[in-house]
Each structure stands twice: as structure tokens, then as C-alpha cells.
Amino acid sequence: MKTYVPILLLTVLFLFPNQGSAEINSRMALMDVFEGCVEEELSTDLPLGAQFEYCGCYVKEISLGMDLEEVMLFGLDVLDAGEDEEKQEKVLLSNEKITKYVVKCASKLYE
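Since the model is a prediction, treat every value here as computed from it, not as a measurement.

(A) Summary view of the state of the cysteines. Considering all chains together, one arrives at two disulfides under this definition. Cys37 shares a disulfide with Cys55; S-S distance 2.1 Å. Between Cys37 and Cys55 the disulfide shows an S-S torsion of about -80 degrees. By sign, it is left-handed. In this pair, Cys37 is assigned in helix α2 (residues 27-39) and Cys55 in helix α3 (residues 48-65), connecting sequence segments 18 residues apart. For the residue pair Cys37 and Cys55, the accessibility class agrees, reading buried in each case. Put simply, Cys57 and Cys105 are joined by a disulfide, and their sulfur atoms are 2.1 Å apart. Since a negative S-S torsion denotes a left-handed disulfide, the Cys57-Cys105 link at about -80 degrees is left-handed. Taken together, the residues Cys57 in helix α3 and Cys105 in helix α6 (residues 96-109) connect sequence positions 48 residues apart.

Here is the structure:
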């Protein structure tokens, strides 16, 4: 994951501190997540359009299933992992909601 994406996400999230609902409606915050996802190299076998589909699904699931506080805490955990991709993957997989969204959206690519 790119380090600057969580930083941008946290910056955007701090601009909207009063949004504590279970649904994220901040376009800027969701675009930061989407752009960070699209910038990742998911697979060389995966067509670019499929990656956009996956990232759109991932952002949709985050927007409907998490609140800003959860996303901020996740972003801080990713920042704490630094540039170590193995640590970042552990952070990703340690979050049950994120893991659920990854599996749900990845499985849609193979239906």
C-alpha cells in the first residue's frame, strides 16, 4: 500500500469529524480509498477494468459497513506498519470487516 494514501485519507477524515454514522458519505475520503486501491498492483493476470470493478466494490463495502472512526483507526494501523508490505498485509487481514470485503469483492471477479 502506498504510504501517502492513508495520510491523505486521515487528513480528509479529520475535515469531517462530526460524521459518526455507520455509512461514509464523504466523497473525498472514499475517492482516496479508491485511488489507493487502483494504484496497487493486484495481479498481472487481472485486466485493468476488473481491478477498477474490484476497487469499486471494495469502496462500496467500506462506505456501507464502516464509519469514519473505524477507517481512521485502520489507516493509523497501516501507517504504523510503515513500508513493510508483510506487516501491511497482517494489518489488512487482522481487520475482520476489511478481510470480509476483500474476499467478497475478489470472489466477484471469478463468478
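After that view, the rundown keeps rolling.
(B) Main features of α2. An ideal rise of 1.5 Å per residue puts 18 Å on 13 residues; α2 measures up with 18 Å between its terminal C-alpha atoms. Along α2, the residues classified as buried are Ala29, Leu30, Asp32, Val33, Phe34, Gly36 and Cys37.

(C) Region of interest: the packing of aromatic side chains. With the rule as written, the count across this model stands at two aromatic pairs. Aromatic side chains Tyr54 and Tyr58 sit 6.1 Å apart centroid to centroid with 10 degrees between the ring planes, which places their arrangement in the stacked category. Of this pair, Tyr54 and Tyr58 both sit in helix α3, four residues apart, which is roughly one turn of that helix. By relative accessible area, Tyr58 is classed as buried at 9%.

Criteria and cut-off values
Residues numbered from 1 in each chain as written. Predicted model: local features only at pLDDT ≥ 70, side-chain atom pairs only at ≥ 80, totals over all residues. Heavy atoms only, no water. Disulfide = S-S within 2.5 Å. Helix = DSSP H or I, 4+ residues; strand = E, 2+ residues; numbered from the N terminus. Buried < 20%, exposed > 50% of the residue type's maximum accessible area, 1.4 Å probe, protein only. Expected span 1.5 Å × (residues − 1). Phe/Tyr/Trp six-rings, centres within 6.5 Å; stacked < 30°, edge-to-face > 60°.

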